[in-house]
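A look at the structure
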Amino acid sequence: MRILQHPQNPMPRQTVGRARSPRRLGWLAALWLAALALLAAALCGCGGPAPAPSGQAAAPAAPGITPGPLQPLSPDTGEGRYCLGQGEQAGLFWYIDYASAAAAPLCSKPGCAHTGPDCPARLPGADYVGTPQALGDGRVVFVAGSGGCDAAWLAGPDGERRLLLECPPGEYGLSLAAQDGTYLYYCRALSDGSLAYARLSLAGGAPEELFRLPGGDGNGCQLLGCEGRGLVLYTWDLDPVPEITITDDSPGSIEAAVQAHNEALTRLFGRRSVLLVDMDTGSQRTLDRWETPLSEGEGRSLLWAGGRLYWCDSAAAGPVHWLDAAGGSGEAGVLPDSMNAPEAVFTLSGVVQNHLLFDRYDPAADVLSRYALPLGPGQGGEPVPLPLSYMANGFPHPVQILGQGADSLLVEYEVRELPHQAGFYEDGAPITGTVPVNLWGVISYEDYFAGRPAWRTVEGAYLR
């Protein structure tokens, strides 16, 4: 399990593996939302931070070291993006350069064919390997896990790597959170359900536990971004959800049980907050809080970008609000009433070139659309449709933004089904099928906002 993370840049609401905006189906949708929240609860509690076992907060930095502001970890560097290969590029770490729209293995070994185990770009032998996260100086960090044990690794520009941290047995999750040029900040899911936040010098040495967040049924948190020396966390505390009791398998019994369960959800609530947690002291400050019936899900779509928390009603068009850690607040714009539809879902998805991007899902038409809302003084008016899209699994998706460069974007513009041989039958006949392959390209900001599919294709296939 992992703490849910939304990198601050470039598109905080586009999570790895997200195929589409969730369909909203009234009470049953609320049940699914509650279930997803409970799945995350085992990873991160939303109570007040508990002190580290020593009774101290964060240990002071070493003499002469002044850590800077926390920076969110992201595979995007502003000039390129780190990723994992797919298809013929599988098994290697890759770097995509935005200026040339070219990909190269993370290897500087002269004459290397990138096919053997001695290639520095070769993925470590593990049950899973996470996408490399850039540190801003040519180095990357990533998590790899085997046998239920997670480890954090540091790799240099040439791909050479060293082990930073390995979780002890009984700890089932390691999530990298941020860095400040001196330390790597992370959290570990402990066997008792609590979440321990700690830091580790990038130069090596022993980790320092900073504080813990207690676990518990119905509690959870989501990393939104960084501000100063703190992490911005969305937390929730849900009333216990009763189990559905079905006396027999007759249609009438099942329908009655579901109806009783849905009615119970209207009497249960979720208390939700956005906190700024100081990583040096463990102290927390509430930036915003609200309460919603579990039957209505989260109630808001949240986005942290550029030092601001943006939020809007996830079930109805209306104002898009913002607030910051200094106490400022206001409206960034308004989604017009004409965008409303029965059970429509609105999701803030990112900020690009001073435009707030949001998605609108209409379940009746089964259409997911993306729009841009201009930000800044003198801006406003109607949201502008962003028409670039592609089909995947029979469903239209907005072109996905994977990285932001100085004058262009890295995007996923197609998912193509390619032939794949999965093995052989006992008689030697091949087992064939198809496998989805992600196609990426680099497009200028002007072409993206104008809806012109003028991307330069990045050769190969890669995983977000």
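Above this note sits the structure.
Cut-offs and rules
Residues numbered from 1 in each chain as written. Predicted model: local features only at pLDDT ≥ 70, side-chain atom pairs only at ≥ 80, totals over all residues. Heavy atoms only, no water. Patch = residues over 30% accessible without salt bridge, like charges linked within 9 Å, V, L, I, M, F, W, Y side chains within 5 Å. Areas by Shrake-Rupley, 256 points an atom, 1.4 Å probe, with all protein chains shown as cover. Salt bridge = Lys/Arg side-chain N within 4 Å of Asp/Glu carboxyl O. Buried < 20%, exposed > 50% of the residue type's maximum accessible area, 1.4 Å probe, protein only. Helix = DSSP H or I, 4+ residues; strand = E, 2+ residues; numbered from the N terminus. Contact = heavy atoms within 4.5 Å. Pairing = 2+ DSSP bridges. Polar contact = N/O pair within 3.5 Å; in protein donor to acceptor, adjacent residues only side chain to side chain. Axes fitted to C-alpha atoms, helices over the stretch in contact; angles between N-to-C directions. Expected span 1.5 Å × (residues − 1). Arc of directions from axis to C-beta. Core = buried A, V, L, I, M, F, W, Y, C linked by side-chain atoms within 4.5 Å.

**As for a nonpolar patch on the surface**
Together, Ile244, Ile246 and Ile254 make up a nonpolar patch on the protein surface, roughly 220 Å² of accessible area in all. Note on isoleucine 254: relative accessible area 35%, which makes it partly exposed.

**Some thoughts on the environment of isoleucine 96**
Its location among the elements puts isoleucine 96 in strand S5 (residues 93-97). Setting aside residues no more than four positions away along its own chain, isoleucine 96 makes contact with Glu79, Gly80, Arg81, Cys83, Ala102, Ala103, Leu410, Trp440, Val458 and Tyr462.

**Here we look at the pairing of S5**
Direction of pairing for strand S4 (residues 80-86) relative to S5: antiparallel, over a ladder of 5 bridges. Across the sheet, the residue bridging to leucine 84 is phenylalanine 93, located in S5. Relative to strand S6 (residues 102-105), S5 runs antiparallel, the two sharing 4 bridges. Following the sheet pairing, tyrosine 95 is matched in S6 by alanine 104. Hairpin connection between S5 and S6: a loop of 4 residues separates the two successive antiparallel strands, and alanine 101 in this loop has a positive phi of roughly 55°.

**Observations concerning the side chain of aspartate 359**
Looking at the element boundaries, aspartate 359 is found in strand S25 (residues 355-362). Its relative accessible area of 1% is what places aspartate 359 among the buried residues. A distance of 2.7 Å separates a polar atom in the side chain of aspartate 359 from a polar atom in the side chain of arginine 370.

**Description of the sheet that holds S4**
Hydrogen bonding along the main chain pairs the strands of a sheet, whether they run parallel or antiparallel. Across the sheet, which stays open at both edges, the 4 strands sit in the order S6-S5-S4-S34 with antiparallel pairing between neighbours. A single partner strand is all that each edge strand has here, and the edge strands are S6 and strand S34 (461-463). On average, each strand axis in the sheet is inclined to that of its neighbour by 50°, with strand direction left out of account.

**Considerations on unusual backbone geometry**
Among all residues except glycine, the phi angle is most often negative; among peptide bonds, the trans geometry is most common. You will see that glutamate 343, though not glycine, has its phi angle at about 60°, which is positive. Assignment of secondary structure puts glutamate 343 in the loop between strand S23 (329-334) and strand S24 (345-352). Judged by relative accessible area, which is 34%, glutamate 343 ranks as partly exposed. Positive phi outside glycine occurs at glutamine 353, with the angle close to 50°. Inspection of the secondary structure puts glutamine 353 in the loop between S24 and S25. Look at glutamine 353 and you get partly exposed, because its relative accessible area is 44%.

**Points about helix H2 (residues 251-265)**
Between the first and last C-alpha of H2 there are 21 Å, a value that for 15 residues agrees with the 21 Å anticipated at 1.5 Å per step. Within H2, burial applies to Ser253, Ala257, His261, Asn262, Ala264 and Leu265. Here the buried residues of H2 occupy an arc of 165° about the axis, which is enough to place them on one side. Every exposed residue of H2 that faces more than 90 degrees away from the buried side is listed here: Pro251 and Glu255.

**Points about the pairing of strand S12 (residues 173-179)**
Burial of S12 is extensive: 7 of the 7 residues sit out of reach of the surface. For strand S3 (residues 71-72) and S12, the ladder comprises 2 bridges, and the chain directions are antiparallel. In the sheet register, glutamine 71 faces S12, and the bridge partner there is glutamine 179. Taken together, the 6 bridges between S12 and strand S13 (residues 183-189) define a ladder with antiparallel strand orientation. Note that in S13 the partner of glycine 173 across the bridge is alanine 189. Between S12 and S13, which pair antiparallel one after the other, the connecting turn spans 3 residues, and glycine 181 there sits at a positive phi close to 90°.

**Some words on the nonpolar core**
Ranked by size, the top nonpolar core spans 26 residues in total, and within it Ile96, Leu410, Trp440, Val458 and Tyr462 carry the most contacts. Of all the elements in the fold, those that place two or more residues in this core are S4, S5, strand S9 (140-146) and strand S32 (430-444). Once you skip the residues sitting within four places of it in the chain, leucine 410 turns out to touch Arg81, Ile96, Tyr98, Gln400, Ile401, Leu402, Gly403, Trp440, Gly441, Val442 and Val458.

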